[in-house]
Amino acid sequence: MRFVDEYRDPVRARALADRIAAVLRRPWTLMEVCGGQTHTLVREGIDEVLPAAVELVHGPGCPVCVTPVEVIEAACRIAAEPGVTLCSFGDMLRVPGRDRDLQQVRAAGGDVRVVYSPLDAVGIASAEPSRTVVCFAVGFETTAPATALSLLEARRRGLSNYLVLSAHVRVPPALEVILGAPDNRVQGLLAPGHVCTVQGGAEYAPIVARHRVPIVITGFEPVDLLEGILACVTQLEEGRAELENRYRRSVRPEGNPVARAALAEVFEPVDRRWRGLGTLPLGGLGLRDAWRAYDAEARFGPVPEGTDDGRCRAGLVLAGRLRPDACPEFGTGCRPEHPLGAPMVSTEGACAAYWHAGRPRRPGPGDVAGPVPEAASR
Amino acid sequence: MTGPLPEPTGVAAPMEGPIDVSPSCPVPLAPGGLVQLGHGGGGRLTAQLVGRLVPRFGDPELARLADAATLEVPAGRLAFTTDAFVVQPLAFPGGDIGSLAVYGTVNDLAMMGARPLALAAAFIIEEGLDLAVLDGVAVSMAEACRRAGVRLVAGDTKVVERGAADGIYVTTSGIGCIPPGVEVGPERARPGDVVLCSGPIGVHGIAVLSRRAGMAFDVDTCSDAAPLHELVTAGLAAGEIHALRDPTRGGLAAVLNELAGASGVSITVEEEALVVPGPVAAACEMLGLDPLSVAGEGCCVALVHPDSADAVLDAWRAQPVGAQAARIGEVGEGPATVRLRTRLGAHRPVLVPTGELLPRIC
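Residues numbered from 1 in each chain as written. Chains lettered and ligands numbered in written order. Predicted model: local features only at pLDDT ≥ 70, side-chain atom pairs only at ≥ 80, totals over all residues.

Any chance you could break down the overall build of chain A for me, citing the residues and the numbers?
Helix and strand counts for chain A stand at 16 helices and 11 strands. Taking 378 residues into account, the globule formula puts the C-alpha radius of gyration at 21 Å, and chain A, at 21 Å, falls close to it. Viewed in the frame of its principal axes, chain A has a C-alpha envelope of about 65 × 45 × 40 Å. When each of the 378 residues of chain A is scored for burial, the buried share is 55%. Residue pairs in contact within chain A that sit at least 24 positions apart in sequence constitute 78% of those at least 6 positions apart. (Helix = DSSP H or I, 4+ residues; strand = E, 2+ residues; numbered from the N terminus. Rg over C-alpha atoms; globule rule 2.2 N^0.38 Å. Buried ≥ 20, exposed ≤ 12 C-beta atoms within 10 Å, placed from the backbone. Contact = placed C-beta atoms within 7 Å.)

This is the structure we're talking about:
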């Protein structure tokens, strides 16, 4: 497969690991922000070939994982309404709401359909005008343009039965919170390549300046990740903190202007609660007033205030303070068949990545026994 | 083992108003229409429905319409199995529910080292199904029976209310004969055995997924559904096969875990050695699926004594369905685990997949 195989080449990957080892003088802690990056790391065993002095902590970049429980509960409630068809990405179906998930709502008679793109949901609304079609829109700046496009298309077709429940979130505010925390351990960031493909890199320059940490825009294949890690530790060893693009085949400085224009027409930054991180100022994307007629919250009522559930330590995991396999519930109280929280469900969740890579529970830095500390639901 | 089964002879039953002729079937297709509840009532409509299906198989035992088929059985042990088919969509690139129902059961028999003798089929039909669809399924089943050299000797039809089923469900049961001296079973793998895979993995699953409503995408691949008993027979003649299984639901990941569990051994698979066709790899990449957990219907894995692994591999490669057979791993001492050695040389466990195949979001 072109554009994939060359970035999975084991010879190139090992050579990069050797170069990282040659550059290192002291230990460093890096965070890979995106869940897709976490999965590559553990699936390919990259952390096994890296020098032990490079510690990778997993960031909040799984959109399913950061969607708070009250939003999932709201989606379940809407999906159970007669006449409603709720369209969702597949990953969301097994994420537990307060006492049910969308799969259970479907089993009880709710019309829940898995779509691959919000445009498919517009197609359903067009083909079944008697039903109210609600698109459960989750994701970062990567999936938000597709939601924006679906609304533009719904307006073009004159549909009045297509609504969006927006749970879209923005990456930069989350990084501000993680780097600004008093007990932050992260010394360098591998920024999410796909988000930057849409947004460009400009949003990250102020974060680099404010927190004095290198941010390297990084891709998702083994060679991409190792190049990002090499660039990041090189900066750290040389005492530099700069924004660097190591995913040039996809990311342009200005991002994708067409996608950004669609985003700007439909969405505006709003405060939003993230699972485990609390309410982040301008941490989400909400529909602009002009699109109120398409807003599921306007039709079915706003998502109520929520809090995080007790046993799941997703907040600590998403902030990089708890390694998934160090969680007391990992593999015992929490497994993919019976997830306590979203990171064990989503294909991009850090806990699921560790589980599917067969990591046994292994107490370590950040291990917490007993009740979840307050910080988790800060 | 007995010789090949006698070629079925066509029995042309009289049908009303035949016009259309299917090239693969000696029996003219009857005019269309929809299946009605009355077709399941046991009366004249039922007789018409049965009369429409039975001749396509050209089997005298089936055409007797007795309460049970009677068969001459060769010496040796019998293998007996059943499998239900609910695939959606009913037709997909490279096959349909009919061919799948035949090959699925034929292959279950083959995985025990049996040569298939006869099948029985039960059809649960939803009211309102186009009779042309039913005809198509029957024609396809008859064609698959011919290709596999197996007879369909008994059957049943039931019709349920609209909405109570999804078009048509087919259940096939099959019996096969295990030749004297053949001993294969999931619990017979031994440390040191070599793991062979007879062909590319994940092909059927991707072909079906590519046509599923709401997920249609262009992928240049056809289901690999095919009968495997000739391949198995050739392999058994060439070497000492301990265990066989075809990676259908749950794919290679599920099957290897089942074999490891049944035999109490560990299995290590080389990622580099797996044959994943380009379109399957691309579709899995796009949908966030692991090719190891995607179903095939035309390949199988064998755990083979190391001294005869090459001979079995050669025998398989001489068969059309085994042309891409490969050595993919080896069996070690327990505990029962399955591990994959990645291209980077790291190891990760291969776990039994959980839940349904869902697309990921980014």
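Give a description of the environment of Leu131(B) that names residues and reports values.
Turning to its location among the elements, Leu131(B) is positioned in helix 4 (residues 131-148). The spatial distance from the C-alpha of Leu131(B) to the C-alpha of Gly181(B) is 46 Å, given a sequence separation of 50 residues.

How would you summarise the pairing of strand 2 (residues 54-61) of chain A if you had to cite specific residues and measurements?
All names here are of chain A. In terms of burial, strand 2 is largely enclosed, as 7 of its 8 residues are buried. Two strands pair when backbone bridges link them, and strand 1 (residues 28-34) and strand 2 are joined in this way by 6 bridges, in the parallel orientation. Bridge assignment links glutamate 32 to a residue of strand 2, and that residue is histidine 58. (Pairing = 2+ DSSP bridges.)

Summarise the domain arrangement of chain B; cite the residues concerned and give the values.
Interface size is often expressed as the accessible area that is lost when the parts come together. Residue and element names in this part refer to chain B. The domain architecture assigned to chain B consists of domain 1 (39-63 + 74-178) and domain 2 (186-349). Relative placement of domain 1 and domain 2: their C-alpha centres are 27 Å apart. Contacts between the two partners involve 21 residues from domain 1 and, on the opposite side, 20 residues from domain 2. By residue number, the principal contributor to the side of domain 1 that touches domain 2 is helix 3 (residues 97-110), which donates 8 residues. Its residues placed into classes, the side of domain 1 that touches domain 2 shows 12 nonpolar, 7 polar and 2 charged. (Domains from an automatic or database assignment. Nonpolar A, V, L, I, M, F, W, Y, C, P; charged D, E, K, R; others polar.)

So, the interface of chain B and chain A: which residues are in play, and what are the values?
Counting residues at the interface gives 22 residues for chain B and 34 residues for chain A. Elements represented by at least two residues in the side of chain B that touches chain A include exactly helix 8 (278-287) and strand 13 (347-349) of chain B. For the side of chain B that touches chain A, the element with the highest residue contribution is helix 8 of chain B, accounting for 4 residues. Grouping the amino acids of the side of chain B that touches chain A by side-chain chemistry returns 11 nonpolar, 7 polar and 4 charged.

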